[in-house]
Amino acid sequence: MQKELDHTNVHNLYSQIAAILEQSRKFVVNTVNTTMVKTYFEIGRIIVEDEQNGKPRAEYGKEVLKNLSDRLTSQYGKGFSVTNLKQMRDFFLVYSKQLPISQTVSDQFNLSWSHYLFLMRIDNPQERKFYEIESKNSNWSLRELKRQFDSALYERLSLSKDKEAIKELSRQGQIIQSASDIVKDPYVLEFLGLPEKAEYSESELENKLIDKLETFLLELGKGYTFVGRQVRLTFDEKHFFVDLVFYNRILQCFVLVDLKIGELTHQDLGQMLMYVHYYDRFVKLEHENKTIGIVLCKKKSDSLVEITLPEDNSQIFASKYQTVLPDKEELIRLIEEK
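Residues numbered from 1 in each chain as written. Predicted model: local features only at pLDDT ≥ 70, side-chain atom pairs only at ≥ 80, totals over all residues. Heavy atoms only, no water.

**Examining the overall build of the protein chain**
Step number 1: Looking only at helices and strands, one finds 14 helices and six strands in the protein chain.
Step number 2: Along the first, second and third principal axes, the C-alpha atoms of the protein chain reach 85 × 80 × 40 Å.
Step number 3: Contacts spanning at least 24 positions in sequence make up 65% of the contacts within the protein chain whose residues lie at least 6 apart.
Step number 4: Counting every atom, the protein chain has about 20000 Å² of accessible surface; 52% of that belongs to carbon and sulfur. (Helix = DSSP H or I, 4+ residues; strand = E, 2+ residues; numbered from the N terminus. Contact = heavy atoms within 4.5 Å. Areas by Shrake-Rupley, 256 points an atom, 1.4 Å probe, with all protein chains shown as cover.)

**Things to note about the nonpolar core**
The nonpolar side chains of a soluble globular protein tend to be buried, and buried together.
Step number 1: Phe91, Tyr95, Tyr116, Leu119 and Tyr131 are the most contacted members of the largest nonpolar core, which totals 34 residues.
Step number 2: Looking at this core element by element, the count peaks at six residues for helix 3 (residues 82-98).
Step number 3: Not counting chain neighbours up to four residues away, the residues in contact with Tyr95 comprise Phe41, Gln108, Phe109, Tyr116, Leu119, Met120, Arg128 and Glu132.
Step number 4: Formed by 29 residues, the second largest nonpolar core is a distinct cluster that contains Ala179, Tyr200, Leu205 and Ile292. (Core = buried A, V, L, I, M, F, W, Y, C linked by side-chain atoms within 4.5 Å. Buried < 20%, exposed > 50% of the residue type's maximum accessible area, 1.4 Å probe, protein only.)

**With respect to helix 6 (residues 125-138)**
Owing to its 3.6 residues per turn, the α-helix brings residues three or four apart onto one side.
Step number 1: The end-to-end C-alpha distance of helix 6 is 20 Å, a good match for the 20 Å that 14 residues give at a rise of 1.5 Å each.
Step number 2: Listing the buried residues of helix 6 in full gives Glu127, Arg128, Phe130, Tyr131, Glu132, Ile133, Glu134 and Ser135.
Step number 3: Residue Asn139 follows helix 6 closely and has a positive phi angle near 55 degrees. (Expected span 1.5 Å × (residues − 1).)

**Some words on helix 11 (residues 213-220)**
Step number 1: Across the eight residues that make up helix 11, a large majority, six, are buried.
Step number 2: If you check which residues of helix 11 are buried, you get Leu213, Thr215, Phe216, Leu218, Glu219 and Leu220.
Step number 3: Those residues of helix 11 that are buried lie in contact with helix 7 (142-150), helix 8 (153-158), strand 1 (187-188), helix 10 (202-211), strand 2 (224-235) and strand 3 (238-248).
Step number 4: At the C-terminal side of helix 11, Gly221 shows a positive phi close to 120 degrees.

**With respect to the pattern of salt bridges**
Step number 1: Summed over all chains, the structure comprises 20 salt bridges.
Step number 2: With a closest N to O distance of 3.5 Å, Lys328 and Glu127 form a salt bridge. On the criterion of sequence distance, the pair formed by Lys328 in helix 14 (residues 328-337) and Glu127 in helix 6 is long-range, its members being 201 residues apart.
Step number 3: Since its relative accessible area comes to 18%, Lys328 is described here as buried.
Step number 4: Salt bridges sharing partners connect three or more residues here, namely Arg147, Arg156, Glu190 and Glu219. (Salt bridge = Lys/Arg side-chain N within 4 Å of Asp/Glu carboxyl O.)

**Description of the side chain of Arg156**
Step number 1: Its place among the elements puts Arg156 in helix 8.
Step number 2: Within the structure, Arg156 has its side chain in polar contact with the backbone oxygen of Pro186 (distance 2.9 Å).
Step number 3: Beyond its immediate sequence surroundings of up to four residues, Arg156 is in contact with Ser151, Lys184, Pro186, Tyr187, Val188, Glu219 and Leu331. (Polar contact = N/O pair within 3.5 Å; in protein donor to acceptor, adjacent residues only side chain to side chain.)

**Observations concerning the packing of helix 7 against helix 11**
Step number 1: Relative to each other, helix 7 and helix 11 sit at 55 degrees, their axes nearing to 11 Å. Relative to helix 11, the element helix 7 lies oblique. In this structure, helix 7 crosses over helix 11, and the sense of that crossing is right-handed. Along its contact with helix 7, which presents Arg143, Glu144, Arg147 and Gln148, the element helix 11 presents Glu214, Leu218 and Glu219.
Step number 2: By residue class, the composition of the contact of helix 7 with helix 11 is one nonpolar, one polar and five charged. (Axes fitted to C-alpha atoms, helices over the stretch in contact; angles between N-to-C directions. Parallel < 35°, antiparallel > 145°, perpendicular 65-115°, else oblique. Left-handed = near helix turned anticlockwise from the far one by under 90°. Nonpolar A, V, L, I, M, F, W, Y, C, P; charged D, E, K, R; others polar.)

**Digging into the sheet that holds strand 4 (residues 253-263)**
Note on sheets: strands pair through backbone hydrogen bonds, and any given pair is parallel or antiparallel.
Step number 1: Taken together, six strands build an open sheet; the order of strands is 1-6-5-4-3-2 and the sheet is mixed. Edge positions in the open sheet fall to strand 1 and strand 2, since each of these has one partner strand only.
Step number 2: Two elements, strand 3 and strand 4, share five bridges in a ladder whose sense is antiparallel. Bridge assignment links Val245 to a residue of strand 4, and that residue is Leu256. (Pairing = 2+ DSSP bridges.)

Set out below in structure tokens:
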């Protein structure tokens, strides 16, 4: 008599095999990407070395690269146009300069060729290295990398740091050690599609952020998970609602966000202080760190923030938001004037 099929056992068996297959596929894709990038680097090196020992650059580009492209395409198929060969050449010229003596080519490249094609176009070596490190550490797709660059993430983080700390961004990327490390000013919400001077309510802003939650988490930064919206706090038979609640896994603390479409007031900061105290006393666990509160507003006075909050404040922050991409040149000028 045939035994009845144990569906639970079959499901567990399937899950184990599927996990192995997914891991293997990911490994194969990563290996192929890494091998391709290393190969293009070596092709670029050979072209540069031959060029430097041969004819002038203009003549070299017209004659040698065209002939080389034709022969490689005939033998190995697509991917070896004159344009692609020039990109490989430029790739070697850019990345051979930043390759540490102690590091081999095998250790250097961890992103896709598409990532490097974009990174090569960033002129500032420190900025380029920052985005390279963050792309690797945060597993950014090419779309996410472009979005972070367009929103001037490097410049926005640099504005709150001294010269030595800015250099550290290009050595290690963004290091999260304290509450201030996860707060940006401004936050860029261009992905919402709201015109800069449009009239909208705080609830409309909140709805759009929830609709675009994946992108908003990317803008918030590292280690965020979404907990809830309009989270209710109740005491003395009165109800209060926090617009958005997140948890930061790196700092191991709750992060409360309140949205203000107008100018920031001292009452807004006081309200957030109350929210933070509530979470610290009644919600967070003993092993978790103190709650962080961010009031996200359209306009603020730094003097008002400074005089309202305690001198030793390390939990409450006020940041502006904007619905259009920032002017990178203006941010660069502000950094240079520091």
